[in-house]
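Below are the chains, spelled out letter by letter.
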Amino acid sequence: MIPDADAREEVMWRGRYVEARRRGRWEYAGRIAGIRAAAIVAIDDGHALLVSQYRVPLGRISLELPAGLIGDDEAAAIRELEEETGYRARAMVVIGEFAASPGMVSEGFTLCRASGLTRVGPGGGVEGEAITLHRVPLGEVPAYVTARRADGWAIDVKLLLLLGGAVLTDHP
């Protein structure tokens, strides 16, 4: 028997997009209406397409993979990539579902890989997002992340995917 697994879930607070829930002893947050997010790995000619933007919950700029809310439509991931980076993908492959912070939020994300990239615009997101594109050579991603961290930026956990073996060595 898993403690609290069969307990009734109650909504403690509901906003426009997020709600706080309780199940037994656990309190956690989740998105309303099952809206899903996608994070997109986009590599253009040996360069990772990363984005940064100010994140209010963190109170600072965050370096991230391009991402966005996609509902049930994977084609929306192609639109999100173009909106944020200015790159259009010919195809988007779903890698799988991942839990973002399973002890704190019920939300996860769909990891997608973009292919057949073509630069078609400036990116930057929609009005008010102020997204900046960073096109970083794959071999320089660890140093780039270290430099942004030194600048005081937050680093999204999904960037671990691009850090690879650099996380497992003694090098910064």
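How each quantity is defined
Once a new chain begins, its residue numbering starts again from 1 and follows that chain's sequence as written. The predicted nature of this model means local features are confined to residues of pLDDT at least 70 and side-chain atom pairs, given and counted, to a pLDDT of 80 or more, with totals for whole chains, interfaces and linings taken over all residues. For side-chain calculations, the full set of non-hydrogen atoms in the structure is used, while hydrogens and water are omitted. Each helix corresponds to a stretch of at least 4 residues labelled H or I by DSSP, and each strand to a stretch of at least 2 residues labelled E; elements are numbered beginning at the N terminus. Only protein chains enter the calculation, and the probe is 1.4 Å; a residue is then buried if its accessible area is under 20% of its type maximum, exposed if over 50%, and partly exposed in between. In what follows, residue pairs with any heavy atoms lying within 4.5 Å of each other are defined as contacts. In short, DSSP must find at least two bridges between two strands for them to pair. Residues qualify for a patch when their relative accessible area is over 30% and they have no salt bridge, like charges being joined within 9 Å and the nonpolar side chains of Val, Leu, Ile, Met, Phe, Trp and Tyr within 5 Å. To be clear on the numbers: accessible area is Shrake-Rupley with a 1.4 Å probe, and residue cover counts the displayed protein chains and nothing else. What makes a salt bridge here is a side-chain nitrogen of Lys or Arg within 4 Å of a carboxyl oxygen of Asp or Glu, nothing more.

Trainee: So what's going on with the environment of Glu19? Which residues, and what values?
Mentor: Relative to the assigned elements, Glu19 resides in strand β2 (residues 18-23). Assessed through its relative accessible area of 6%, Glu19 is described here as buried. On a C-alpha basis, the gap between Glu19 and Gly30 in space is 5.6 Å, while along the polypeptide they are eleven residues apart. If near-sequence neighbours (up to four positions away) are discounted, Glu19 is found in contact with Val11, Trp13, Arg14, Tyr28, Ala29, Gly30 and Ile32.

Trainee: Which residues make up the pairing of strand β3 (residues 26-31), and what values do they have?
Mentor: Pairing of β2 with β3 involves six bridges; the strand directions are antiparallel. The partner of Glu19 across the bridge, within β3, is Gly30. Here β2 hands over to β3 after two residues, with Gly24 in that stretch at a positive phi of 60°.

Trainee: Describe a nonpolar patch on the surface, listing the residues and the values that go with them.
Mentor: On the surface, Met12, Trp13, Tyr17 and Val18 cluster together to form a nonpolar patch covering roughly 420 Å² of accessible area. For Tyr17, a relative accessible area of 46% puts it in the partly exposed group.

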